[in-house]
Amino acid sequence: MTEQERKIYDTIFNNAVLFLHRGIREVLTHNDRKDSPLNGETGIVTTLFMQMSIELALKAFLIKEQGVRSILLSRYQNKTDEYIFEKFENNTLHTKKYNDLKQILTNNESLTWFSETHFDHLEQFQQFRNKLVHLNLFLGEADLYDLKYEIIYVIVHIIVPLLSEISFEFETPTEFYQTHLNKEEYKKLISFRPYVDEMEKLAKDFTGLNYYCPECYQKTYSPENDLCYCCNLNFEYAVEYTSCIVCNEKKSVIFDPHNIAINNHVINGLCLNCETKIMVHKCPECGIAYSFFGRDELKKCTPEKCYYED
Ligand SMILES: [Zn+2]
Ligand SMILES: [Zn+2]
Ligand SMILES: [Zn+2]
């Protein structure tokens, strides 16, 4: 990005975050204790904020990927950055229509990770916005119920990735909100049921395993990357896992490997799946860890002898 492009990008980025922020604040006014549909006003206002944020996030993304001219009308293609920036500051810079910007994504499959589901959501929010602005958007109870989940989908899978180049194998979207939302809103968001459900799905889809988080107690913790997708607890390098002899899940018993050696290679562990408190022995010879209650359950390595030695 050139210096001028960077300035335009930053402005658009901040505005996308602003509407995202307002949209999240709006949807969180909904009390979800009874898993009820949104009320009409919350649904409408949140949808508008989200659509604003999507359009701006898409522009910011395209500037970053293809330069500022990719979002501008053809008459700017041969103009200098200085000229474009001056028009931007005067509020007289004209961008392509949203449909044409969306078309760039459809034409360049390699540009994004968008699947049919992503495009369906883009389409839906655009239509909702158009109906709202031009006439009215009639939403029934079922629509207003689904909208809770659709709003969360759009935040997690469209807006945040467009703004942050996140890859869900290693990172949680929570990191983005921690930087850009205030603490209280962030706390509310990670206990909003539709959000937690989406994070459970994310942990499962991207890592294959989701267990109870020792911090927030949601089923959003993955031992594959030591991360909680909901509260962003990060246990990298701090813990290890072994399978549970009670529920038989793999990598579900968490333990502290750093203090086990001074403890005769035995320490308390906790199963993040069945919540059983259990002992763990990690063999200093072969490095394999076992969960157990009584010593007689250690059929292979024991603190005295490695099963694989000799
Ligand atoms: Zn957590
Ligand atoms: Zn278990
Ligand atoms: Zn051993």
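Residues numbered from 1 in each chain as written. Chains lettered and ligands numbered in written order. Predicted model: local features only at pLDDT ≥ 70, side-chain atom pairs only at ≥ 80, totals over all residues. Heavy atoms only, no water.

Trainee: Looking at this structure, how should I read the packing of helix 1 (residues 3–27) against helix 2 (residues 40–66)?
Mentor: Each pair of packed helices can be summarised by the angle the axes make with each other and by the distance between the axes. At a minimum axis separation of 8 Å, helix 1 and helix 2 run at an interaxial angle of 160 degrees. The angle between helix 1 and helix 2 places the two elements in the roughly antiparallel class. You can see that helix 1 and helix 2 cross each other, and the crossing is left-handed. Taken together, the residues of the contact of helix 1 with helix 2 break down into 17 nonpolar, five polar and five charged. (Axes fitted to C-alpha atoms, helices over the stretch in contact; angles between N-to-C directions. Helix = DSSP H or I, 4+ residues; strand = E, 2+ residues; numbered from the N terminus. Parallel < 35°, antiparallel > 145°, perpendicular 65-115°, else oblique. Left-handed = near helix turned anticlockwise from the far one by under 90°. Nonpolar A, V, L, I, M, F, W, Y, C, P; charged D, E, K, R; others polar.)

Trainee: Is there a simple way to think about the layout of surface pockets in this case?
Mentor: It is the rolling of a water-molecule-sized probe over the atoms that shows where space remains empty. Reported here for the largest pocket is a volume of approximately 380 Å³. Those elements that place two or more of their residues in the lining of the largest pocket are helix 1 and helix 2. The leading source of residues in the lining of the largest pocket is helix 1, at five residues. Partitioning the lining of the largest pocket into residue classes produces eight nonpolar, four polar and three charged. The calculated volume of the second largest pocket comes to roughly 160 Å³. Taken together, T242, S243, I245, I288, A289, Y290, S291, E297, L298, K299, K300 and Y308 make up the full set of residues lining the second largest pocket. Here the lining of the second largest pocket takes three residues from strand 7 (residues 289–292), the largest share from any one element. Taken together, the residues of the lining of the second largest pocket sort by class into six nonpolar, three polar and three charged. (1 Å grid on protein atoms, 1.4 Å probe; cavity = no way out; pocket = protein on both sides within 12 Å on 5 of 7 lines; lining within 4 Å. Points joined across faces, edges and corners; volume = space filled by probe spheres on them.)

Trainee: Explain the packing of helix 1 against helix 3 (residues 81–89) here, please?
Mentor: Look at helix 1 against helix 3: their axes get within 9 Å of each other, and the N-to-C directions meet at 30 degrees. Comparing their axes, helix 3 and helix 1 come out roughly parallel. The interaxial crossing formed by helix 1 with helix 3 has left-handed handedness. Two secondary-structure elements touch here, helix 1 through Q4, K7, I8 and T11 and helix 3 through D81, E82, I84, F85 and F88. Its residues assigned to classes, the contact of helix 1 with helix 3 shows four nonpolar, two polar and three charged. (Contact = heavy atoms within 4.5 Å.)

Trainee: Quick question: what am I supposed to make of unusual backbone geometry here?
Mentor: Trans is the prevailing form of peptide bonds, just as negative phi is the prevailing case for residues other than glycine. Here D226, not a glycine, exhibits a phi torsion of approximately 55 degrees, which is positive. Turning to its location among the elements, D226 is positioned in the loop between strand 1 (221–222) and strand 2 (227–228). What makes D226 buried here is its relative accessible area of 13%. (Buried < 20%, exposed > 50% of the residue type's maximum accessible area, 1.4 Å probe, protein only.)

Trainee: So what exactly am I meant to see when it comes to the environment of Y98 here?
Mentor: Its location among the elements puts Y98 in helix 4 (residues 98–107). Y98 sits 85 residues away from F13 along the chain, and the two C-alpha atoms are 16 Å apart. Sequence-distant contacts of Y98, defined by excluding residues within four places in its chain, comprise Q51, I54, E55, L58, L122 and Q126.

Trainee: How should the pattern of salt bridges be read in this particular structure?
Mentor: Two side chains carrying opposite charge are able to pair once their charged atoms lie near each other. One pass over the full model with this rule turns up 13 salt bridges. Note that E185 and R25 form a salt bridge whose closest N and O atoms lie 2.7 Å from each other. With E185 in helix 8 (residues 183–189) and R25 in helix 1, this residue pair connects regions lying 160 residues apart in the sequence. A salt bridge links R193 to D197; the shortest N-O distance between them is 3.0 Å. With R193 and D197 both in helix 9 (residues 193–207) and four residues apart, the pair spans about one turn of that helix. Overall, R193 belongs to the partly exposed group, its relative accessible area being 34%. What makes D197 partly exposed here is its relative accessible area of 27%. Several salt bridges share partner residues, and in doing so they unite D32, D35 and K148 into one network. (Salt bridge = Lys/Arg side-chain N within 4 Å of Asp/Glu carboxyl O.)

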